[in-house]
Amino acid sequence: MSLKRRIQQAYDPIHAPEDAIERLKRELYQSDIHEGEDAEFELYDVEEASSRPGILKYLVYIAAVLALCVGVGMFWNAMQANRNELHPLSAVSPDGSPVPSDGIPTPPDLESETVNPGQPYIEEWTEGTVPNIVNYHYEYAKKIIEQAGYAVELRYEQNDEVQASSVIRTEPAAGDFAPEGTKVIVYVSQGDSAADE
Amino acid sequence: MLPILQETGGLQHNLTPKLTRSGGLNFEVMDTYKDAVYRAALTVTGNFADAEDIMQEVFLQYYRSHPDFESPSHEKAWLLRCTINAARNLLRSAWQRKRVDLDLTELPAAEDADAASSEVLAAVLHLPERYRTAIYLYYYENCSVKEIAHITGRTEAAVGQHLSRGRMKLRKLLGGDKV
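Rules used throughout
Residues numbered from 1 in each chain as written. Chains lettered and ligands numbered in written order. Predicted model: local features only at pLDDT ≥ 70, side-chain atom pairs only at ≥ 80, totals over all residues. Helix = DSSP H or I, 4+ residues; strand = E, 2+ residues; numbered from the N terminus. Buried ≥ 20, exposed ≤ 12 C-beta atoms within 10 Å, placed from the backbone. Axes fitted to C-alpha atoms, helices over the stretch in contact; angles between N-to-C directions. Parallel < 35°, antiparallel > 145°, perpendicular 65-115°, else oblique. Left-handed = near helix turned anticlockwise from the far one by under 90°. Contact = placed C-beta atoms within 7 Å. Core = buried A, V, L, I, M, F, W, Y, C linked by C-beta atoms within 7 Å. Domains from an automatic or database assignment. Pairing = 2+ DSSP bridges. Expected span 1.5 Å × (residues − 1). Bend = angle between axes of the 7 residues up to and from the residue. Arc of directions from axis to C-beta. pLDDT = per-residue confidence, 0-100.

### A word on the overall build of chain B
(1) Moving on: Assigned secondary structure in chain B consists of 9 helices and 0 strands.
(2) Moving on: Along chain B, helices and strands appear, N-terminal first, in the series α-α-α-α-α-α-α-α-α.
(3) Moving on: Each of the 179 residues in chain B was classed as buried or not, and the buried ones make up 44%.

Next comes the structure, spelled out in structure tokens:
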């Protein structure tokens, strides 16, 4: 007798238990299953069987999203810290508005408004050197020098090329290396002497 | 016609609707395939109670998910695939791994068939799971190697190897009979 015939004879007497079938039919009737009502069953695909359980998969998704949020937050904080560290004088203009990169900020009008206590703006500055504040209003320039870590002494002189109240030059000159605490003499223009006469 | 289609009887031409015209559930699929599903589950699990549970689980899944099939052969293949994968999941569970082997004296074949048939069934169920699944599908469900590969999720080469080794082991278990 062939193996196929013997196996068929062995399996033929095995039948699904009728009581289990009847119970299943009753259960299906009571569960009120209708067409189009997709159940939350997982298909027993081969790939699914070898993968992680469903709840663990969702936990992994949630953890990934949380890790992404934390990463973005840390990156943002690091960027802010880096920006403040590298450019301590480059945050905002005196009035808090964005400053155009191609020009010297307009000095505040001392008669109508005061200098904003926010950080003054300067385009380029290397730590350890005297900032370039030529042509800046002297109050604005004073804040810049003080924030750079230097002491300020104002001296006034007449100058027909630089507008009154603006800085003519500094000692040490802009860009010179100077240790922190060095006194920087700021020469402020008093305007054209001929015009006064 | 594919060999698997020969077993589907009245379902060869029309797919069985899941609902009757009155809206009730149509149990023709269950009545047609219940034995095939139960035997496949028994072959994989080697346990009657587990086979019953698997059968109920598979038919519940069938009626709740309402899968659409191109042909009756796909329908039967889907049921067998679900059955085998559900049974494999059960075998993988920690609880199942601690269980003792099947008591072969419980085999119903001993009541209705002769001792030789019971011996063959016991020998088949003593084979490793991948071998006995391939042997059952090939010799009893008349599936081709390609169909077995699709149902079990293995390659055709692997299925051919499982059939070959399963036959060799069966020959040893059946006392050197020519199989």
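### Brief notes about the packing of helix 7 (residues 129-139) of chain B against helix 8 (residues 145-152) of chain B
Residues and elements named next belong to chain B.
(1) Moving on: Put simply, helix 7 and helix 8 touch, their axes get as near as 10 Å, and they point 130° apart. Classified by the angle their axes make, helix 7 and helix 8 are oblique. Crossing angle aside, the handedness with which helix 7 passes helix 8 is right-handed. Of helix 8, the residues touching helix 7 (which contributes T133, A134, L137 and Y138) are I148, I151 and T152.

### A word on the nonpolar core
(1) Moving on: Residues V37(B), A40(B), A41(B), M55(B), V58(B), V124(B) and I135(B) are the most contacted members of the largest nonpolar core, which totals 51 residues.
(2) Moving on: The dominant element in this core, judged by the number of residues it contributes, is helix 1 (residues 28-45) of chain B, at 10 residues.
(3) Moving on: A domain split of this core shows at least three residues from each of domain 1 (26-100) and domain 2 (105-179) of chain B.
(4) Moving on: When neighbours within four sequence positions are excluded, V58(B) is seen to be in contact with V37(B), L79(B), C82(B), T83(B) and A86(B).
(5) Moving on: Formed by 16 residues, the second largest nonpolar core is a distinct cluster that contains I133(A), Y140(A), I145(A) and A148(A).

### Brief notes about the environment of T45(B)
All names here are of chain B.
(1) Moving on: Structurally, the position occupied by T45 is in helix 1.
(2) Moving on: Separated by 39 residues in sequence, T45 and I84 place their C-alpha atoms 9.0 Å apart.
(3) Moving on: With residues up to four places along the chain from it excluded, the contact list for T45 reads D50, A51, I54, A87, L90 and L91.

### Quick look at the sheet that holds strand 3 (residues 183-189) of chain A
Residues and elements named next belong to chain A.
(1) Moving on: An order of 1-3-2 is seen for the 3 strands of this open sheet, with the pairing classed as mixed. The strands lining the two open edges of the sheet, one partner per strand, are strand 1 (151-157) and strand 2 (167-171). Strand-to-strand twist in this sheet, taken as the mean axis angle between neighbours without regard to direction, amounts to 25°.
(2) Moving on: Sheet analysis places strand 1 next to strand 3, joined by 7 bridges and oriented parallel. Residue pairing for strand 3: L154 is matched across the bridge by V186.

### Here we look at helix 1 of chain B
Residue and element names in this part refer to chain B.
(1) Moving on: The terminal C-alpha atoms of helix 1, which comprises 18 residues, lie 26 Å apart, in line with the 26 Å expected from a rise of 1.5 Å per residue.
(2) Moving on: The largest bend along helix 1 measures about 50° and falls at K34.
(3) Moving on: In terms of burial, helix 1 is largely enclosed, as 15 of its 18 residues are buried.

### Examining helix 9 (residues 156-173) of chain B
Residues and elements named next belong to chain B.
(1) Moving on: Helix length check: helix 9 (18 residues) gives 25 Å between terminal C-alpha atoms against 26 Å at 1.5 Å per residue, within 8%.
(2) Moving on: All of the buried residues in helix 9 are V159, H162, G166 and L170. With its buried residues spanning 65° around the axis, helix 9 presents them on a single face. Turned more than 90 degrees from where helix 9 packs its buried face, A157, S164, M168 and K172 sit exposed.
(3) Moving on: Next to the buried residues of helix 9 lie helix 6 (115-126), helix 7 and helix 8.
(4) Moving on: Phi turns positive, to about 80°, at G175, one or two residues after helix 9.

### Some thoughts on the confidence of the model for chain A
All names here are of chain A.
(1) Moving on: Residues at a pLDDT of 70 or more form 64% of chain A, whose mean pLDDT is 73.
(2) Moving on: In the model of chain A, helix 3 (residues 46-50) stands out as the element of lowest mean pLDDT, 46, in contrast to strand 3, which has the highest, 91.
(3) Moving on: Below pLDDT 50 for its whole length, residues 86-94 participates in 25 contacts with residues either more than four positions away or in separate chains.

### Structural notes on unusual backbone geometry
Residues and elements named next belong to chain A.
(1) Moving on: With an omega dihedral of -5°, the bond running from E171 to P172 counts as a cis peptide bond.
(2) Moving on: Mapped onto the elements, P172 comes out in the loop between strand 2 and strand 3.
(3) Moving on: Despite not being glycine, N135 has its phi angle at roughly 80°, a positive value.
(4) Moving on: Examined against the element boundaries, N135 turns out to sit in the loop between helix 4 (54-86) and helix 5 (138-147).
(5) Moving on: Overall, N135 belongs to the partly exposed group, with 15 C-beta atoms counted inside 10 Å.
(6) Moving on: One non-glycine residue, S165, lies in the positive phi region at around 75°.
(7) Moving on: With 19 C-beta atoms counted inside 10 Å, the residue S165 sits in the partly exposed group.

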